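Report on the structure
Each chain, written out:
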Amino acid sequence: MKPVKVGVLGLGTVGGGTVNVLKRNAAEIARRAGREITITRASTKDLSKSRICDTQGITLTTDPYEIINDPEIEIILELIGGAGAVKDMVLKALENGKHVVTANKSLIALHGNEIFAKASEKGVIVAFEAAVAGGIPIIKAIREGLSGNQIEWLAGIINGTGNFILTEMRDKQRNFANVLKEAQALGYAEADPAFDVEGIDAAHKLTILASIAFGIPLQFDKIYTEGISEITRADVKYAEQLGYRIKHLGIARKTSQGIELRVHPTLIPERRLIANVNGVMNAVLVKGDAVGPTLYYGAGAGADPTASSVVADVIDVVRALTSDPENRVPHLAFQANALVDIPVLPAELFRTSYYLRLKAEDKPGVLAEVTRILAEHQISIEAISQKEPLKTKKTVSIIMLTQITLEKEMNAAIAEIEALTTVTGKVTRIRLETLG
Ligand code: NDP
Ligand code: HSE
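Residues numbered from 1 in each chain as written. Chains lettered and ligands numbered in written order. Predicted model: local features only at pLDDT ≥ 70, side-chain atom pairs only at ≥ 80, totals over all residues. Heavy atoms only, no water.

**Re the site of ligand 2**
The criterion, for reference: Any residue with a heavy atom lying within 4 Å of a molecule or strand is counted as near it. Nitrogen and oxygen atoms within 3.5 Å of one another constitute a polar contact, given that in protein one can donate a hydrogen and the other can accept it, and given that sequence-neighbouring residues count only through two side-chain atoms. Accessible surface area values rest on a Shrake-Rupley calculation with a 1.4 Å probe, where residue burial reflects the displayed protein chains alone. Here a cavity means grid points, on a 1 Å grid over the protein atoms only, where a 1.4 Å probe fits yet cannot get out; a pocket means an open set of points with protein on both sides within 12 Å along at least five of seven lines; lining residues are those with an atom within 4 Å of a point. Those molecules having more than half of their atoms within 2 Å of a cavity or pocket grid point set are described as sitting in that cavity or pocket. Put simply, DSSP H or I for four residues or longer makes a helix, DSSP E for two residues or longer makes a strand, and each gets a number counted from the N terminus. All amino acids are sorted into three groups, where Ala, Val, Leu, Ile, Met, Phe, Trp, Tyr, Cys and Pro are nonpolar, Asp, Glu, Lys and Arg are charged, and the leftover types, Gly among them, are polar.
Residues in close proximity to ligand 2 include K105, N159, G160, T161, Y188, A189, E190, D196, D201, K205, G300 and A301, which together make up its full environment. At 2.7 Å, a side-chain N or O of K205 approaches an oxygen atom of ligand 2. Here ligand 2 has 260 Å² of accessible area as a free molecule, and 93% of this is covered by the chains. Counting atoms within 2 Å of the grid points, the majority share of ligand 2 lands in the largest pocket. Of all the secondary-structure elements, those providing two or more residues to the shell around ligand 2 are α7 (160-172) and α10 (200-214). Counted by class, the shell around ligand 2 contains 3 nonpolar, 4 polar and 5 charged residues.

Set out below in structure tokens:
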């Protein structure tokens, strides 16, 4: 059988890694796919740049459309990134009857509904395993491995750069900006690293995970998103004293009222495996009604780990080349006509526990005022601790953990606490999940 011809758009971290893995493991891959897979063409922005891969045998161009319009090429790997010009490239490739493999979570989260509709119309596949959690085959695990379950919730560390920064800050007391620079040099960060730091990248990934877990359309605009830039060393330390770690989590949970979709720093008990996932590693906990909790762990970014997912998708596509398009695994796990619009809950209706830190005057009655306000909002306190005041200061830090409460009540309580004359500044609030 003739080799399958593949064209690659983008030869950076992921594109370069993919060329390397496809070349290095060519024989093993052909045994799995049933055919040889050959990269014949690739596009980059700058032809003179040095590459992490050997481009021998690959015709290079700066025009992606030369590849997209090449009738010999059956599979396009979109490894450029972004959701602008690349969307048109992908739609054109699908229009031309080509299968597409992408690592681009922003593209799928923002335009996936349209892209999958076009792919279905043309009878071709869009595969996107590398778009979530780098090398962890989490899409396949949820879409295929857990397809007998009703997924109740999932929670994941799904941004490698963010976890790398938090780990280095905690373990080595390194400065945020320096660690971010290192993550960029290692090829982990997005083209705009604010996507990593502000939680946008994690929100793109959560959009995809929620869709394949619950059979809902992709709806990035409904995700509540907070980044990691506000986390202080003091909160990391206090959390540890209470037996918790702070991790940046993406959480999707089905409740009787709708679905919670949220990305934010979260305290989790240090005894949970996921609390001990460090550096660029990612992990996703998925709770199914039949299987119970399951945990998936691996590198969340980087050239070879991400290439592992891209290449697995290429092999899947090659295996499916001769299959009936009607009988393939649906892109979003559920049949396209069976997606349902379960409401996504506004943040005010989230139910979770909280870590609160506030600065208050060190005098009798202050704590009583704070606890009275919490009680008036039906917020039960799980633990409370008061830190010794500095000799020169008359304020103390009060740390509290609450039981599960409605976010609306917490917002109102915090506003009242901040209005107390005995309380200084803003109340720090970090959500807490036991993930039990
Ligand atoms: P890089 O910036 O390393 O690579 C992007 C590549 O695209 C470069 O080779 C660049 O060319 C090329 N490119 C940019 N614009 C054009 C254009 N108009 N025409 C042709 N080529 C172009 O990005 P990454 O490899 O890190 O990321 C690629 C995708 O993979 C993104 O969607 C990202 O979110 C995703 N991803 C990244 C992971 C990672 O660990 N880095 C992990 C998982 C997903 P040139 O080199 O000449 O500048
Ligand atoms: N910037 C992303 C991260 C790449 O750090 O997780 C992998 O999606």
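We are not done yet, so read on.
**Let's talk about the site of ligand 1**
Surveying the vicinity of ligand 1 reveals 24 residues, the closest of which are D46, K49, R51, E190 and G302. Interatomic distance of 2.7 Å between a side-chain N/O atom of K49 and an oxygen atom of ligand 1. Within the complex, the protein chains bury 83% of what would otherwise be the 900 Å² of accessible surface of ligand 1. When its residues are assigned to classes, the shell around ligand 1 shows 8 nonpolar, 10 polar and 6 charged.

**A look at the nonpolar core**
Basically, it comes down to this: The definition of a nonpolar core used throughout is a set of buried Ala, Val, Leu, Ile, Met, Phe, Trp, Tyr and Cys residues joined through side-chain atoms within 4.5 Å. Accessibility here uses a 1.4 Å probe with only protein chains present; expressed as a share of the type maximum, an area under 20% marks a residue as buried, one over 50% as exposed, and anything in between as partly exposed. Contacts were defined at the residue level, with two residues in contact if any of their heavy atoms lie within 4.5 Å.
Judged by nonpolar contacts, the single largest core of 54 residues is most densely connected at I138 and V286. Those elements that provide at least two residues to this core are α3 (64-68), α4 (85-95), α5 (105-122), α6 (138-145), β7 (151-157), α10, β10 (259-269) and β11 (281-288). The element contributing the most residues to this core is α10, with 9 residues. Those residues within four positions of V286 in sequence are excluded, and the remaining contacts are I138, I142, L146, I151, W153, L154, G292, P293, T294 and Y296.

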